[in-house]
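Commentary on secondary and tertiary structure
If you want the building blocks of each chain, they are given just below.
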Amino acid sequence: MKDIYTEKAPQAIGPYTQAKVVGSMVYTSGQIALDPATGALSDGDVAEQTRQVCENLKAVLTAAGTALDKVVKTTCFLKDIGDFAAFNEVYGEYFTSKPARSCVGGLSLPKGALVEVEVIATVE
(Lines give C-alpha, C1' and ligand atoms only; values in the text may rest on other atoms or scores of the structure.)
Protein backbone atom coordinates (compact mmCIF):
# COMPACT_ATOMS: atom_id res chain seq x y z
CA MET A 1 0.00 0.00 0.00
CA LYS A 2 1.30 3.46 -0.92
CA ASP A 3 0.14 6.93 0.13
CA ILE A 4 -0.16 9.52 -2.65
CA TYR A 5 0.58 13.19 -2.13
CA THR A 6 1.01 16.05 -4.58
CA GLU A 7 1.27 19.79 -4.05
CA LYS A 8 -0.76 20.18 -7.27
CA ALA A 9 -3.89 19.19 -5.34
CA PRO A 10 -5.18 20.57 -2.03
CA GLN A 11 -3.74 19.26 1.19
CA ALA A 12 -6.05 17.06 3.23
CA ILE A 13 -8.21 19.05 5.65
CA GLY A 14 -8.38 16.14 8.09
CA PRO A 15 -6.65 12.91 9.10
CA TYR A 16 -6.54 11.29 5.66
CA THR A 17 -4.37 11.11 2.55
CA GLN A 18 -5.12 12.37 -0.96
CA ALA A 19 -5.14 8.77 -2.25
CA LYS A 20 -3.94 5.22 -1.63
CA VAL A 21 -2.54 2.83 -4.20
CA VAL A 22 -3.32 -0.79 -3.37
CA GLY A 23 -2.07 -3.30 -5.92
CA SER A 24 -3.13 -2.07 -9.34
CA MET A 25 -5.86 0.26 -8.03
CA VAL A 26 -5.88 3.81 -6.69
CA TYR A 27 -8.58 5.09 -4.34
CA THR A 28 -8.82 8.85 -3.98
CA SER A 29 -10.25 10.78 -1.11
CA GLY A 30 -13.12 13.06 -2.02
CA GLN A 31 -12.03 16.30 -3.63
CA ILE A 32 -13.83 19.59 -3.20
CA ALA A 33 -13.11 22.82 -5.10
CA LEU A 34 -10.13 23.95 -3.06
CA ASP A 35 -7.39 25.87 -4.85
CA PRO A 36 -4.18 23.90 -4.18
CA ALA A 37 -2.09 27.09 -4.01
CA THR A 38 -4.24 28.94 -1.47
CA GLY A 39 -6.42 26.31 0.18
CA ALA A 40 -9.42 28.56 -0.46
CA LEU A 41 -12.73 27.20 -1.71
CA SER A 42 -13.82 28.44 -5.12
CA ASP A 43 -16.70 30.85 -4.70
CA GLY A 44 -17.98 30.04 -8.18
CA ASP A 45 -21.11 28.17 -9.22
CA VAL A 46 -21.38 24.39 -9.41
CA ALA A 47 -19.83 24.30 -12.91
CA GLU A 48 -16.75 26.24 -11.79
CA GLN A 49 -16.44 24.14 -8.63
CA THR A 50 -16.80 20.91 -10.63
CA ARG A 51 -13.99 22.03 -12.94
CA GLN A 52 -11.68 22.65 -9.94
CA VAL A 53 -12.65 19.30 -8.40
CA CYS A 54 -11.79 17.51 -11.67
CA GLU A 55 -8.46 19.34 -11.94
CA ASN A 56 -7.65 18.32 -8.36
CA LEU A 57 -8.53 14.69 -9.12
CA LYS A 58 -6.45 14.80 -12.29
CA ALA A 59 -3.43 15.98 -10.26
CA VAL A 60 -3.86 13.24 -7.64
CA LEU A 61 -4.24 10.56 -10.31
CA THR A 62 -1.15 11.82 -12.14
CA ALA A 63 0.83 11.61 -8.89
CA ALA A 64 -0.40 8.02 -8.53
CA GLY A 65 0.80 7.14 -12.04
CA THR A 66 -2.58 7.02 -13.73
CA ALA A 67 -5.11 9.31 -15.41
CA LEU A 68 -8.78 10.20 -15.69
CA ASP A 69 -9.31 7.75 -18.56
CA LYS A 70 -8.35 4.90 -16.19
CA VAL A 71 -11.13 5.73 -13.71
CA VAL A 72 -13.53 2.82 -13.27
CA LYS A 73 -15.88 4.28 -10.63
CA THR A 74 -16.80 7.69 -9.29
CA THR A 75 -18.90 8.70 -6.34
CA CYS A 76 -20.29 12.21 -6.62
CA PHE A 77 -21.90 14.34 -3.95
CA LEU A 78 -23.92 17.48 -4.69
CA LYS A 79 -25.17 20.01 -2.18
CA ASP A 80 -28.22 20.55 -4.38
CA ILE A 81 -29.44 17.80 -6.72
CA GLY A 82 -30.93 20.63 -8.78
CA ASP A 83 -27.34 21.26 -9.96
CA PHE A 84 -27.23 17.80 -11.56
CA ALA A 85 -27.39 19.01 -15.18
CA ALA A 86 -24.73 21.72 -14.74
CA PHE A 87 -22.51 19.26 -12.87
CA ASN A 88 -22.94 16.62 -15.60
CA GLU A 89 -21.94 19.04 -18.34
CA VAL A 90 -18.50 19.69 -16.81
CA TYR A 91 -18.09 16.14 -15.46
CA GLY A 92 -18.62 14.78 -19.00
CA GLU A 93 -15.73 16.90 -20.32
CA TYR A 94 -13.32 15.17 -17.94
CA PHE A 95 -14.68 11.63 -17.66
CA THR A 96 -14.93 10.79 -21.35
CA SER A 97 -14.45 7.06 -20.68
CA LYS A 98 -17.80 7.09 -18.82
CA PRO A 99 -16.88 5.21 -15.64
CA ALA A 100 -19.52 3.64 -13.41
CA ARG A 101 -20.95 6.30 -11.10
CA SER A 102 -23.12 7.03 -8.11
CA CYS A 103 -24.38 10.56 -7.50
CA VAL A 104 -26.30 11.79 -4.47
CA GLY A 105 -27.60 15.24 -3.59
CA GLY A 106 -29.06 17.22 -0.75
CA LEU A 107 -25.90 17.08 1.32
CA SER A 108 -23.91 19.40 3.51
CA LEU A 109 -20.33 19.20 2.23
CA PRO A 110 -17.05 20.31 3.85
CA LYS A 111 -16.33 24.06 3.83
CA GLY A 112 -19.72 24.74 2.20
CA ALA A 113 -18.67 23.15 -1.11
CA LEU A 114 -21.28 22.58 -3.80
CA VAL A 115 -19.71 19.35 -5.12
CA GLU A 116 -17.34 16.58 -4.00
CA VAL A 117 -16.07 13.65 -6.08
CA GLU A 118 -13.99 10.58 -5.24
CA VAL A 119 -12.69 8.04 -7.74
CA ILE A 120 -11.31 4.55 -8.08
CA ALA A 121 -8.92 3.99 -10.98
CA THR A 122 -6.53 1.40 -12.34
CA VAL A 123 -2.78 1.93 -12.17
CA GLU A 124 -0.70 0.24 -14.85
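Before reading further, recall that the structure is shown in the block above.
Values in this document were obtained by computation on a predicted structure and should not be read as measured data. (Residues numbered from 1 in each chain as written. Predicted model: local features only at pLDDT ≥ 70, side-chain atom pairs only at ≥ 80, totals over all residues. Heavy atoms only, no water.)

Concerning the overall build of the chain
Check the secondary structure of the chain and you find two helices and six strands. In sequence order, the secondary structure elements of the chain are arranged as β-β-β-α-β-α-β-β. In terms of overall dimensions, the chain is globule-like: its C-alpha atoms have a radius of gyration of 13 Å, near the 14 Å expected for 124 residues. Principal-axis analysis of the C-alpha atoms gives the chain an extent of 35 × 30 × 20 Å. The proportion of buried residues among the 124 residues of the chain is 41%. (Helix = DSSP H or I, 4+ residues; strand = E, 2+ residues; numbered from the N terminus. Rg over C-alpha atoms; globule rule 2.2 N^0.38 Å. Buried < 20%, exposed > 50% of the residue type's maximum accessible area, 1.4 Å probe, protein only.)

Overview of a nonpolar patch on the surface
Taken together, the side chains of Met-1, Val-22 and Tyr-27 present a nonpolar region at the surface, about 350 Å² in accessible area. When you line up the elements, Met-1 lands in the segment before strand S1 (2-4). For Met-1, a relative accessible area of 80% gives the class exposed. (Patch = residues over 30% accessible without salt bridge, like charges linked within 9 Å, V, L, I, M, F, W, Y side chains within 5 Å. Areas by Shrake-Rupley, 256 points an atom, 1.4 Å probe, with all protein chains shown as cover. Salt bridge = Lys/Arg side-chain N within 4 Å of Asp/Glu carboxyl O.)

Points about the pattern of salt bridges
Under the criterion given, the structure shown has three salt bridges. Put simply, Arg-51 and Glu-93 hold a salt bridge, and the shortest N to O gap is 2.9 Å. With a gap of 42 residues between them, Arg-51 in helix H1 (residues 46-63) and Glu-93 in helix H2 (residues 84-94) connect regions that are remote in the sequence. You can call Glu-93 partly exposed: its relative accessible area is 45%.

Remarks on the environment of Thr-74
Assignment of secondary structure puts Thr-74 in strand S4 (residues 71-78). As a C-alpha pair, Thr-74 and Thr-50 span 24 residues in sequence and 13 Å in three-dimensional space. Contact partners of Thr-74, with chain neighbours within four places excluded, come to Tyr-91, Phe-95, Pro-99, Ala-100, Arg-101, Ser-102, Val-117, Glu-118 and Val-119. (Contact = heavy atoms within 4.5 Å.)

Quick look at the sheet that holds S1
As summarised here, the arrangement of the six strands in space is S1-S2-S3-S6-S4-S5, forming an open sheet in which the pairing is mixed. Both edges of this open sheet fall to S1 and strand S5 (100-105), since each of them pairs with a single strand only. When the angles between neighbouring strand axes are averaged without regard to direction, this sheet yields 15°. Bridge analysis of strand S2 (residues 19-22) against strand S3 (residues 25-28) gives four bridges, and the strand direction is antiparallel. Of the residues in S3, the one forming a bridge with Ala-19 is Thr-28. Where H2 meets the sheet, its contacts fall on S4, S5 and strand S6 (115-122), and the angle it forms with S5 comes to roughly 150°. (Pairing = 2+ DSSP bridges. Axes fitted to C-alpha atoms, helices over the stretch in contact; angles between N-to-C directions.)

Taken by themselves, the reported measurements are silent on function.
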